[in-house]
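# Fold and geometry: a report
As a plain string of letters, each chain reads:
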Number of protein chains: 2
Amino acid sequence: MPDLSIDVVAKAAGVHRSTVSRAFSRPEAVKSETREHILRVAEGLGYTMSPLAQALRRKTSTFIPLIVPDITNPFFAELAKAMTQAADDRGYQLLLCVTNGDPAKTDGYFTAMQAMYAPFGIVAPSTKVDSEAMKRFAFGHKVVVIDRVEGDASVPTVTVDSRQGITIALDHLRGLGHTSIGYVSGIAGTHTAQDRMDAYLQLTALSGGTPIVLDSGSDLDAGTRGAEHFLQMDNPPTAIIAANDMVAFAVISALGQRGVRVPEDVSVIGFDGLALGARFNPPLTTVRQPIADMGDIAIELAEKQNIDGSVDHIVLEPQLLVRGSTSGPRK
Amino acid sequence: MPDLSIDVVAKAAGVHRSTVSRAFSRPEAVKSETREHILRVAEGLGYTMSPLAQALRRKTSTFIPLIVPDITNPFFAELAKAMTQAADDRGYQLLLCVTNGDPAKTDGYFTAMQAMYAPFGIVAPSTKVDSEAMKRFAFGHKVVVIDRVEGDASVPTVTVDSRQGITIALDHLRGLGHTSIGYVSGIAGTHTAQDRMDAYLQLTALSGGTPIVLDSGSDLDAGTRGAEHFLQMDNPPTAIIAANDMVAFAVISALGQRGVRVPEDVSVIGFDGLALGARFNPPLTTVRQPIADMGDIAIELAEKQNIDGSVDHIVLEPQLLVRGSTSGPRK
DNA sequence: TCGGTTGCTGAGATCGGTTGCAATAACACT
DNA sequence: AGTGTTATTGCAACCGATCTCAGCAACCGA
């Protein structure tokens, strides 16, 4: 590859490099014959424009960072997959940035992306703390958050309605005949985790029931602890709502190891709608988040903000996904 | 941010930009006082060099693409996690590229990365076909493959010893008393899938046994089909080796839905060692691949090749990870 | 004191594009 | 034919670094 630059193409096509440039990035500004000729020549040479050089000059690129705390978590993996597609469809290239929850790394990615002239970025929930770093980043660039942001309505967000999700779960379980429904909370200090828990608390209280929080911890082992708590109860609930699918997996696994069967002995419902849930044992009933939609919308919001400066907060509706981990309560 | 360029810093520090450049990228070429002064000034201004501009001029960047077919598959997610870390440790920035198995996309990523002056790339197993696209890419750049590459010993690879992995699985099962051990194959036409299957076939034959292939299909539903096959047999095996953890999950799930319990009715062992397996029901016994090591080594190989042109083929040893999905055969 | 090193810094071309501005061509109209 | 547009294309500066080459000062030995 004798370094295919724009000048090479220009020479080969017998025009000036600015014309070649226009042929690619502003087609209407070049006589169509000329443009077609140039494109043909370029094609023949196997030439593509350097995104680097473009970004440098234009001061804006098509790289859009997706910042997630842990790609190993299937939720983020599915989000990443959806967003990759969404980004691709709109001519962007998604750059996955994994922080492992390290705020320093988050910061590093922010500035790196700033330097890459990313037109905007997408941040998925890790901790609430983000908002500070975000402020700095958002100074020059735009961010949209897949979660809520505390005290900063200036950043667009897309979330799913936690309260409605819990409502759906509760209704499903009640419809099956359950009256005693426990709850195991989710990971870290994210808003979504908090919201779901609050919703559970309020909704059960509202309907005259007594909330049964099996574990309100905030790490990955909440599921296991919740299961243990369940086992120690004299009068355990007949159904359990897990704050998310991963926790549900852990609950079922831990329960299974103690000989408690799902859904025969206790029903368990998750929250997320991971594809993986279909392959679980038993297949997990869950409240499905429209992950793919979230990806699309996140990008739309970002673009919209870039254009008219609008800051929207979209709230999506979750859906019930009935599989095998729930059934009527044991008689 | 009034566009912090190297010239701004230069002016502020009262030196020429080339000196600033050197202060950052070739410290020993600048008088230490000068350098410290420059660094201090830069620090104060909050200046960082533009990776874009650097890459453009140097014709080499620190972006290293990791090309995977599907990030939703936990194996690739874990690999990505490990490699992100490994890359980071060495001053690179991993760029995750998800192809969804689409060769066109793979190709697109290759040329994009070429344009980004990536010093090398890492490709994780998707299909064998890759080798062609790779040739083109490898022309200007280096690639290391996490799998084997057919008929092209010129690209470094890191793999784990499939034969040994299957041996370990077989030994574990036999040690538990199993004599009739079935096999369910893995995804797509990757070498690893092929190797594991071959190893199973050879090793069982070698020890005088009869191979029982429950499904040799090549898609994600192999697990389900394997389970169905199992159910239809008059004399089903007492243990099953799944080509990888995901398949094992599917097998157990499908079996569970038909009332077959693991490990009470049949033992199942996976291959991969996914963290997720620990949260499965039951926790999955599996042959663990040293994923983190693979990441480290892949990058090492790439760097080594860049330096002395050596092309190594590293083969790692898998380990047995006993959890709850295997036990002695039913009497 | 003078030629030869050595150490450090400045100049300016260059990487691969983009873009405002000027120049030229082509076409319309009086 | 003369003048006013309008469509195309060339020119050259610029984006933010890197790097070779040259200049200059201090230092060495004879």
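In what follows, the accompanying structure is described. Only a predicted model underlies this, so the values are computations on that prediction, with no experimental measurement involved.

### Considerations on the interface of chain A and chain B
Residue-level contacts link 51 residues of chain A with 51 residues of chain B. Both sides together, the interface formed by chain A and chain B hides about 4,200 Å², and carbon and sulfur atoms give 61% of it. On the chain A side of the contact with chain B, L52(A), R279(A) and N281(A) bury the most area, a combined 18% of that side's loss. A salt bridge links D221(A) to R279(B); the shortest N-O distance between them is 3.3 Å. The tally of links from chain A across to chain B stands at 5 residue pairs in polar contact (both at pLDDT 80 or more). Those elements that provide at least two residues to the side of chain A that touches chain B are helix 4 (51–58), helix 5 (74–89), strand 2 (93–98), helix 6 (103–115) and helix 11 (245–257) of chain A. Residue contributions to the side of chain A that touches chain B peak at 8 residues, all from helix 5 of chain A. Broken down by class, the residue content of the side of chain A that touches chain B amounts to 31 nonpolar, 10 polar and 10 charged.

### Let's talk about the nonpolar core
Core analysis: the largest hydrophobic core is formed by 146 residues, its most contacted members being I241(A) and I241(B). The contact partners of I241(A), leaving out residues within four places of it in the chain, are I166(A), A169(A), L170(A), L173(A), I181(A), G182(A), Y183(A), V184(A), Y200(A) and I269(A). Listed in part, the 30 residues of the second largest apolar core include F63(A), M113(A), Y117(A) and L52(B).

### Let's talk about the environment of A199(A)
Mapped onto the secondary structure, A199(A) falls in helix 9 (residues 191–206). Sequence-distant contacts of A199(A), that is, excluding residues within four places in its chain, are made with S162(A), R163(A) and I166(A).

### Focus: the protein's contact with DNA strand D
The environment of DNA strand D is formed by 31 residues, the closest being T34(A), R57(A), I6(B), S21(B) and R57(B). Of everything in DNA strand D that lies within 4 Å of the protein, sugar and phosphate atoms constitute 59%. Separating a phosphate oxygen of DNA strand D from a side-chain N or O atom of T19(A) is a distance of 2.6 Å. Note that a phosphate oxygen of DNA strand D is positioned 3.0 Å from one of the side-chain N or O atoms of Y47(B). Put simply, the parts of the chain that give the surface near DNA strand D at least two residues each are helix 2 (17–25) and helix 4 of chain A together with helix 2 (17–25) and helix 4 (51–58) of chain B. Counted by class, the surface near DNA strand D contains 11 nonpolar, 10 polar and 10 charged residues.

### Some words on the sheet that holds strand 7 (residues 212–215) of chain B
All names here are of chain B. With mixed pairing, 6 strands are arranged side by side in an open sheet as 7-6-8-9-10-12. Each edge of the sheet is formed by a strand with only one pairing partner; in this case those strands are strand 7 and strand 12 (319–321). Here the average twist between neighbouring strands, direction ignored, is 25°. Across 3 bridges, the pairing between strand 8 (residues 239–242) and strand 9 (residues 267–272) is parallel. In the sheet register, I240 faces strand 9, and the bridge partner there is V268. Strands strand 6 (181–184), strand 7 and strand 8 of the sheet are contacted by helix 10 (residues 222–232), whose axis makes an angle of about 125° with strand 7.

### Things to note about the pairing of strand 1 (residues 63–68) of chain A
All names here are of chain A. Burial runs high along strand 1: 6 of the 6 residues are buried. Alternating residues of strand 1 divide into F63, P65 and I67 and I64, L66 and V68, and every residue in both groups is buried. Taken together, strand 1, helix 5 and strand 2 constitute a β-α-β crossover, and its handedness is right-handed. Pairing of strand 1 with strand 3 (residues 120–123), which is carried by 2 bridges, proceeds in the parallel orientation.

### A few points about the protein's contact with DNA strand C
Around DNA strand C, a shell composed of 30 residues is seen, among which I6(A), S21(A), R57(A), T34(B) and R57(B) lie nearest. In the interface set of DNA strand C, defined as its atoms within 4 Å of the protein, sugar plus phosphate atoms amount to 53%. At 2.9 Å, a side-chain N or O of Q54(A) approaches a phosphate oxygen of DNA strand C. A distance of 3.2 Å separates a base nitrogen of DNA strand C from a polar atom in the side chain of R17(B). Contributions of two or more residues to the surface near DNA strand C are made by helix 2 and helix 4 of chain A together with helix 2 and helix 4 of chain B. For the surface near DNA strand C, the element with the highest residue contribution is helix 2 of chain A, accounting for 5 residues.

### Concerning helix 9 (residues 191–206) of chain B
Every α-helical turn comprises 3.6 residues, leaving residues that sit three or four positions apart pointing alike. Residue and element names in this part refer to chain B. Spanning 16 residues, helix 9 covers 22 Å between terminal C-alpha atoms, matching the ideal 22 Å at 1.5 Å per step. Among the residues of helix 9, those classed as buried are H191, A193, R196, M197, A199, Y200, L203 and T204. Buried positions along helix 9 lie against helix 8 (162–175), strand 6, strand 7, strand 8 and strand 9. Of the residues flanking the end of helix 9, it is G208, one or two places downstream, whose phi is positive at about 80°.

### Focus on the pairing of strand 9 of chain B
All names here are of chain B. In terms of burial, strand 9 is largely enclosed, as 6 of its 6 residues are buried. What you see with strand 9 is no split at all: S267, I269 and F271 on one side and V268, G270 and D272 on the other are buried throughout. The β-α-β motif built from strand 8, the intervening helix 11 (residues 245–257) and the parallel element strand 9 has right-handed crossover chirality. Bridge analysis of strand 9 against strand 10 (residues 285–288) gives 4 bridges, and the strand direction is parallel. Bridge pairing in strand 10 places I269 opposite T285.

Conventions we followed
Residues numbered from 1 in each chain as written. Chains lettered and ligands numbered in written order. Predicted model: local features only at pLDDT ≥ 70, side-chain atom pairs only at ≥ 80, totals over all residues. Heavy atoms only, no water. Contact = heavy atoms within 4.5 Å. Buried area = accessible area lost by both parts, 1.4 Å probe. Salt bridge = Lys/Arg side-chain N within 4 Å of Asp/Glu carboxyl O. Polar contact = N/O pair within 3.5 Å; in protein donor to acceptor, adjacent residues only side chain to side chain. Helix = DSSP H or I, 4+ residues; strand = E, 2+ residues; numbered from the N terminus. Nonpolar A, V, L, I, M, F, W, Y, C, P; charged D, E, K, R; others polar. Core = buried A, V, L, I, M, F, W, Y, C linked by side-chain atoms within 4.5 Å. Buried < 20%, exposed > 50% of the residue type's maximum accessible area, 1.4 Å probe, protein only. Near = heavy atom within 4 Å. Pairing = 2+ DSSP bridges. Axes fitted to C-alpha atoms, helices over the stretch in contact; angles between N-to-C directions. Right-handed = clockwise from strand over helix to strand, strands pointing away. Expected span 1.5 Å × (residues − 1).

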